[in-house]
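An overview of the molecular structure
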Amino acid sequence: MCLGVPGRIVELYNKDTLLMGKVDFGGVIREACFETLPEAKIGDFAIIHVGFAISLLSEAEANETLSLLNELDELNNIQEN
């Protein structure tokens, strides 16, 4: 299964010829390519899949998605015990 995860854009910059950025996933910072979303701004939320930004979303949508992912993780932990 493939999963895109929402994160907050904290930095945007050019690396070689690519638009790149740093994304905060709840305290974990990762680099992602933003060539597909040139309209992205610092502070926006984006869905990141395997290091590529694939869409922008609102803060409310990002929080709802993260909440659902946390619920799935909790359910998985219950099933393992």
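Each remark here, short or long, concerns the structure printed above.
First, a word on what this report is: a plain description of the structure on this page. (Residues numbered from 1 in each chain as written. Predicted model: local features only at pLDDT ≥ 70, side-chain atom pairs only at ≥ 80, totals over all residues. Heavy atoms only, no water.)

**Points about the overall build of the chain**
Applicable threshold: In this description a helix means any DSSP run of H or I spanning at least four residues, a strand means any run of E spanning at least two, and both kinds are numbered starting from the N terminus. Between buried and exposed lies partly exposed: a residue is buried under 20% and exposed over 50% of the maximum accessible area for its type, with that area taken using a 1.4 Å probe on protein chains only. Whether two residues are in contact is decided by their heavy atoms, any of which lying within 4.5 Å being enough. In this description, accessible areas are obtained by the Shrake-Rupley approach with a 1.4 Å probe, and a residue is regarded as covered only by the protein chains that are shown. Think of it this way: Lys and Arg go in the positive column, Asp and Glu in the negative one, and His and the chain ends go nowhere. Every charge is mapped onto a representative atom, which is NZ of Lys, CZ of Arg, CG of Asp or CD of Glu.
Secondary structure summary: the chain contains one helix and five strands in total. Along the three orthogonal principal directions, the C-alpha set of the chain runs to about 50 × 25 × 20 Å. Per-residue burial over the chain gives 26% buried out of 81 residues. Looking at the chain alone, contacts between residues at least 24 apart form 32% of all its contacts between residues at least 6 apart. Carbon and sulfur atoms provide 54% of the accessible area of the chain, an area that totals close to 5,500 Å². Across the chain, the mean location of the 5 positive side-chain charges is 9 Å away from that of the 14 negative side-chain charges.

Taken by themselves, the reported measurements are silent on function.
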